[in-house]
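What the coordinates show
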Amino acid sequence: MKKNYLDNPGSLKIDLMLRGTRIDDPVVKAWACGASGVDIMLPQNTLVNIPCSEMFTEESPYVIKKSGDGYIITDGTGTVPVSLVPKPKYYSLKTSTGVPFSKIGVFHGSYTVITPSPRCDFFNRGIECRYCAGNFDVRGVENQVYSVEEVLETVAAVLKEGASGIIYLSTGFSPGPDGGIEFLKPYIKAIKKRHNCLVAVETLPPKEDRWIDETYALGADSVLYNLEIFDKELFEFLCPGREKLIGRKRYMDALEHAAKIFPNGTVASHLIVGLEPPGSTCMGIDFLTGIGVVPILPIYRPSTDRALRIGPLTTEIIIPVYKHLYKKVKINKINFKWVRDLSMVTTPLEVRALVDVNEGAKNSIIENFYKSKIGLKTAWGLSTLRRKLRVKDSRDPSDSSGRE
Ligand code: SF4
């Protein structure tokens, strides 16, 4: 039976993030749909960023259309009213040095991401993550570094407009034992001194725990070390740089230490849905919540040259994973209110609408799921992906066995 998700904004958000949308309005297309998708407000104030430019979105049953003075999304069987999320006004302004604020601060709903030096040294070593969109690849171009003053001006513009209350500072991989926190230090200190806002920091895990203590001492309110893939074998294969120069165990140990230092609910880690079987994502959720870390589950967006999505992957398969997430953060008494109103991921708060809590307490949703036919099919998908990846791998000289 064909599933219809229009009635529940939580499941509709997941289905839209997975399948994307087409846009039947040239004005919206030109205005809203860039490489990073279109931001839409669904019913019940549910914010979603929907892929709309990748090839896979051409197959989507969803279309955004004009209707009277507003907009609707339809899947051909029904409609829901939606509104376009306007781009923040600061996007049209510049720093005193002439840099557009939109280049420095990227708006994502409740938080704005600032990457003072958008580069990742994994690219220079040819060991970048295989799913990476390549935004931090600066080979052959001069690396841009935004000054502390430029970042402070951007934060001031974001806060003045009330666009976001959380500033999220990020870095790619850089050599050195500190994971990137030494580079971010002057930015964190200046923002905390000059502005009244929360600062989240995303770096790679430092070699020693003292840098995590330092991150907290600097005034960071939240920290993210993104494991991204829980399955050991897939982590090694898909993240060669992380595996070689940091190690999966160091991610786990650093997250565990951070969760002991930072307040409950402020240490988080991404697990990307669609790059490993849902069962592995659920094991990752169990591990992370067990050490007091909030799992954040973005959905992988395949592109033509990075078609790594594991299959079959449908909203029917994904929803139990999000339900599992909700159940585990509740059982482990993790405060998940910090992670809310995000357009790019489904948050535990949004999943609440999908869960019958009493039923969830009685049954293990995920155990039942994996005994189902669809769960078995998903397990089959892992070997398919592994084979696919081995075939595609031309960088690993040790990999000769799996090539076909
Ligand atoms: S750590 Fe991986 S995903 Fe992040 S920028 Fe570097 S290569 Fe890309």
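Read on for an overview of the structure.

**Comments concerning the sheet that holds strand β5 (residues 70-74)**
The strands making up a sheet are joined through hydrogen bonds of the backbone, oriented either antiparallel or parallel. The sheet built from six strands is open, its strands ordered β1-β4-β5-β6-β2-β3 with mixed pairing. Of all strands in the sheet, those bounded by a partner on one side alone are β1 (22-23) and β3 (46-50).

**What about the pairing of strand β2 (residues 38-42)?**
Among the five residues in β2, four count as buried, and that is most of the element. Relative to β3, β2 runs antiparallel, the two sharing five bridges. Following the sheet pairing, Val 38 is matched in β3 by Ile 50. Between β2 and the antiparallel strand that follows it, β3, lie three residues; Gln 44 among them carries a positive phi value of about 60°. Bridge count for β2 against strand β6 (residues 79-84) is two bridges, and the pairing is antiparallel. Paired with Ile 40 across the strands is Leu 84, a residue of β6.

**Topic: the environment of Asn 4**
Along the chain, Asn 4 falls in the segment before α1 (9-19). Residue classification places Asn 4 among the partly exposed positions, given that 15 C-beta atoms sit within 10 Å. Considered as a pair, Asn 4 and Asp 75 are 71 residues apart in the sequence and their alpha carbons are 8.1 Å apart.

**Topic: the packing of helix α10 (residues 278-290) against helix α11 (residues 315-331)**
Close contact between α10 and α11 brings their axes to 10 Å; oriented N to C, the two are set at 10°. By the angle between their axes, α10 is roughly parallel relative to α11. Within the contact between the two elements, α10 uses Pro 278, Thr 281, Cys 282, Ile 285, Asp 286 and Thr 289 and α11 uses Ile 317, Ile 318, Val 321, His 324, Leu 325, Lys 328 and Val 329. Across the contact of α10 with α11, the residue classes break down as eight nonpolar, three polar and two charged.

**Quick word on the nonpolar core**
Ile 229, Leu 255, Val 267 and Tyr 322 are the most contacted members of the largest nonpolar core, which totals 93 residues. Element by element, the count of residues in this core is highest for α11, at eight residues. Each of domain 1 (9-84) and domain 2 (89-392) contributes no fewer than three residues to this core. Those residues within four positions of Ile 229 in sequence are excluded, and the remaining contacts are Leu 234, Phe 235, Leu 238, Cys 239, Ile 272, Leu 275 and Glu 276.

**Focus on the pairing of strand β13 (residues 294-298)**
In terms of burial, β13 is largely enclosed, as four of its five residues are buried. As paired strands, strand β12 (residues 267-270) and β13 are joined by three bridges and run parallel to one another. Following the sheet pairing, Ala 268 is matched in β13 by Val 294. The parallel pair β12 and β13 is bridged by α10, and the resulting crossover is right-handed.

**Points about the environment of Ala 307**
Mapped onto the fold, Ala 307 is located in the loop between β13 and α11. Classification of Ala 307 as exposed rests on a count of 11 C-beta atoms within 10 Å. Each C-alpha atom of the pair Ala 307 and Leu 275 lies 10.0 Å from the other, and the pair is 32 residues apart in sequence.

Parameters at a glance
Residues numbered from 1 in each chain as written. Predicted model: local features only at pLDDT ≥ 70, side-chain atom pairs only at ≥ 80, totals over all residues. Pairing = 2+ DSSP bridges. Helix = DSSP H or I, 4+ residues; strand = E, 2+ residues; numbered from the N terminus. Buried ≥ 20, exposed ≤ 12 C-beta atoms within 10 Å, placed from the backbone. Axes fitted to C-alpha atoms, helices over the stretch in contact; angles between N-to-C directions. Parallel < 35°, antiparallel > 145°, perpendicular 65-115°, else oblique. Contact = placed C-beta atoms within 7 Å. Nonpolar A, V, L, I, M, F, W, Y, C, P; charged D, E, K, R; others polar. Core = buried A, V, L, I, M, F, W, Y, C linked by C-beta atoms within 7 Å. Domains from an automatic or database assignment. Right-handed = clockwise from strand over helix to strand, strands pointing away.

So yeah, pure geometry; function would need other evidence.
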